[in-house]
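# Coordinates in review
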Protein chains: 2
Amino acid sequence: MTRVGVARPDAIRRHNLGLLLTQVHRDGEITRAQLTRRLHLSRSTIGALVADLTELGLVDERVPSGGKRAGRPSHVVGPRADGPYAIAVDVDITHVTSAAIGIGGEVLARHVVATANGPRRPRQAAALVDEAVRELSKRVDPGARPVGIGVSVPGTVSRRTGTVEFAPNLEWRHEAFGEMLAEVVPPELPVYVGNDADLAVLAEHLRGNARDCDDVVYLMGRIGVGAGIIVNGRPLRGHDGHAGEVGHNVVDASGPQCHCGKRGCVETYIGENALLALAGRNVLPTQESIAAVFADASAGDEAAASAVRTVADALGRTVASLVNVLNPERVLLGGSLAGVLEFARDEIVRSVDRFGMGASRHSVQLCTPDLGDDSPLLGAAELAFADLLTDPVGTR
Amino acid sequence: MTRVGVARPDAIRRHNLGLLLTQVHRDGEITRAQLTRRLHLSRSTIGALVADLTELGLVDERVPSGGKRAGRPSHVVGPRADGPYAIAVDVDITHVTSAAIGIGGEVLARHVVATANGPRRPRQAAALVDEAVRELSKRVDPGARPVGIGVSVPGTVSRRTGTVEFAPNLEWRHEAFGEMLAEVVPPELPVYVGNDADLAVLAEHLRGNARDCDDVVYLMGRIGVGAGIIVNGRPLRGHDGHAGEVGHNVVDASGPQCHCGKRGCVETYIGENALLALAGRNVLPTQESIAAVFADASAGDEAAASAVRTVADALGRTVASLVNVLNPERVLLGGSLAGVLEFARDEIVRSVDRFGMGASRHSVQLCTPDLGDDSPLLGAAELAFADLLTDPVGTR
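The notes below deal with the structure included here.

Parameters and conventions
- Residues numbered from 1 in each chain as written.
- Chains lettered and ligands numbered in written order.
- Predicted model: local features only at pLDDT ≥ 70, side-chain atom pairs only at ≥ 80, totals over all residues.
- Heavy atoms only, no water.
- Helix = DSSP H or I, 4+ residues; strand = E, 2+ residues; numbered from the N terminus.
- Rg over C-alpha atoms; globule rule 2.2 N^0.38 Å.
- Areas by Shrake-Rupley, 256 points an atom, 1.4 Å probe, with all protein chains shown as cover.
- Contact = heavy atoms within 4.5 Å.
- Buried area = accessible area lost by both parts, 1.4 Å probe.
- Salt bridge = Lys/Arg side-chain N within 4 Å of Asp/Glu carboxyl O.
- Nonpolar A, V, L, I, M, F, W, Y, C, P; charged D, E, K, R; others polar.
- Core = buried A, V, L, I, M, F, W, Y, C linked by side-chain atoms within 4.5 Å.
- Buried < 20%, exposed > 50% of the residue type's maximum accessible area, 1.4 Å probe, protein only.
- Least-squares fit on C-alpha atoms with pLDDT ≥ 70 in both.

## Things to note about the overall build of chain A
Within chain A one finds 13 helices and 16 strands. Taken over the C-alpha trace, chain A has a radius of gyration of 22 Å; the compact-globule value for 396 residues is 21 Å, and the two agree within 12%. Over its C-alpha atoms, taken along the principal directions, chain A stretches across nearly 65 × 50 × 40 Å. Accessible surface, chain A: about 16100 Å² in total, of which carbon and sulfur atoms supply 49%.

## Comments concerning the side chain of Ser-158 of chain B
Relative to the helices and strands, Ser-158 of chain B resides in strand E8 (residues 156–158). Excluding its chain neighbours within four sequence positions, the residues that come into contact with Ser-158 of chain B are Thr-163, Glu-165, Asp-240 and His-242 of chain B.

## A word on the interface of chain B and chain A
Contacts between chain B and chain A engage 44 residues on the former and 44 residues on the latter. Here chain B packs against chain A, burying approximately 3600 Å² in sum over the two surfaces, 55% of which is carbon and sulfur. Of all residues in chain B, His-239, Val-325 and Met-357 of chain B give up the largest surface area on contact with chain A, accounting jointly for 18% of the area buried on that side. Between chain B and chain A we count zero salt bridges in total. Those elements giving two or more residues to the side of chain B that touches chain A turn out to be strand E13 (225–231), strand E14 (234–235), helix H10 (302–326), helix H11 (336–355) and helix H12 (360–363) of chain B. Among the elements that take part in the side of chain B that touches chain A, H10 of chain B stands out by supplying seven residues, more than any other. Partitioned by chemical class, the residues of the side of chain B that touches chain A number 20 nonpolar, 14 polar and 10 charged.

## A word on the nonpolar core
Counting 84 residues, the largest nonpolar core has Leu-219 and Leu-326 of chain A together with Leu-219 and Leu-326 of chain B as the members making the most contacts within it. Ignoring anything within four residues of it in the chain, the contact list for Leu-326 of chain A reads Val-217, Ile-229 and Leu-236 of chain A together with Leu-236, Gly-238, Ala-243, Val-325 and Leu-326 of chain B.

## As for unusual backbone geometry
Residues and elements named next belong to chain A. Of note in this structure, His-174 is not a glycine but carries a positive phi near 50 degrees. Among the structural elements, His-174 can be located in strand E10 (residues 172–175). Residues other than glycine seldom take positive phi values, yet Asn-327 does so here, at roughly 45 degrees. Here Asn-327 is to be found in the loop between helix H10 (302–326) and strand E15 (330–335). Residue class for Asn-327 comes out buried when judged on its relative accessible area of 0%.

## Thoughts on the relation of the copies chain B and chain A
Each of the two chain copies can be brought onto the other by rotation about an axis and movement along it. Rotating chain B by 180 degrees and translating it 0.0 Å along the rotation axis places it on chain A, where the RMSD comes to 0.0 Å. When the rotation and shift are considered jointly, the pair of chain copies conforms to a two-fold rotation axis. The fraction of interface residues of chain B whose copies in chain A are also interface residues reaches 100%, indicating that both copies meet through the same surface.

As structure tokens, then:
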């Protein structure tokens, strides 16, 4: 607890600065009165802490004008415009999206590079990240400094080392991507690598559609399919950090060949390539080509509609398996699966009902992510912000 | 933390008494020196707390004789012979096992009633529990008092109400079993109901083969199949308390009919009835009939051996699905699945390797439960002991 004023006053102050900055970071803007209530600290302590964070160049205060309530309005504390920012990178198969993200989660600048579909060496991806660091630095406030780099990858990642163990759709195996990144980016910037679905659920739990939800699954549909899971309010990463690889659970051992070497994996039924193939479209899966399937399905194209419904049926079975094992309060369907939910919710619900067990299947809420396609990017920023939020003084 | 000597000394003392009793409960016997180290309290504080627990009739101390080390040997603190006990009940399909279990997890007395295979009304099961309470009370130390009743059920349970939502093999649906129990047992005894696999993993995590393991799955094979899951060192119960129903994940939607109404559920491939049918045995699944399959397989009966290997293959696929999603450090195979592991480990490992993903499948440890068939019973005792361990004074 933070309220015990008995020992190491500086350590306690720094801890409290971290708690306060975390509140500002989560909400974007927050009044002193709200901070006082949430942190159970006195008004004068809050005032002193806000002054410290202002002095550190992290937050600004403004006095709101007007307002209908009587009395003096409470000061609003928010991130400073030239405050520190995180560099977040989302490495996907067809494009690498980078962004400078400020305290509070605002995207300050964005940089997108389209990449060819297919294998790409991790060193090339590392070079794109380095390019993004330089490009983004030109487009933020000249006084702002980056705190670190968080990178989202569609594969299993050993969080401690940043090694990508297996990213089937990038065709990466045992790639020391974290080390490669550290070699090319400016040495003062720490680098963190995480799995896309793990980072997406982190972002949605912090500010999106899972904000008040302690048991949630984010099922991410891109070319590959993976789950980010939060249990008891904490990320489920597993012993090696590889949890959530539901895309490679086998639905039918004699099913279609999968990138991973097995047959009949979940992603051969509900991944983006499956959707395009079912719709009879011999095109690469890009944001545009996937969006076109949903637009055409909504416009009455029977082949597209039927493809989405077929994916919806298989998606319901996948969701049911997760519901049986994890009994989450909510399942967020992200990436292309968001489009499937919007067009064919009834088919998904029917299939969850058919394959799900007992009461869990009735209580689960299905929804789309609040942060859209930016969830992995915003989650990657959290990796870079973590140290600053723990100790705003130490990482100065 | 417990060492802050600033406020509410009685609350802190009671909290520390709970921590100390929990250590005795976990280890059975423990020296004062070990308690001092583990709780980071002074020797004199430990002495005072032990004196309090002795006064409360919960523990005894003895001075060990002999020993090779120099100096005075540390006193050994252990549960008192006429101390409180939990009444634990394991409701299975073919038998209801009850036990009086003391602090430290010792089974003081046991009472087993064989029940016909097939549906049995929950009121009958409640009457058996009441009978067990009276039977067991005659067989423990006359001074000992029961603290409560914990009941394990092979089905999904709403922990708060004790309502059994669905126990397919008992054919119970939405049965207010907790209320029925409370109506028949002595009113001073609180009643708790839990799922068998959830309780089994609790017991193994406390004293068995998952003692030092924060990410573990206990896959329980009886007539039904369910998983008890611990993640980040805490039970994964899910939003409604129904997590772990892996037995009803569908392997093949056109597979064998399952009790639950669906086709091709995991338990139709690896449950006890599947094993007996594969071995060509038209008998009821009892401990004896299941043990006979494994004994015959080991003695060279080809039909039995082939049946076990076929179950092992399907079991490996089930384990692989759990490993992909949860990435546990260890998977304990309990009930009849323990026998499958002992006879056909290679087949299981091969199948986990075929259906599992990336590094997770290589790192996972497969083992049998340390507490054998008693895991659910010992876990049920934990439900009854929880209040006493939290506050040994308050529940006097």
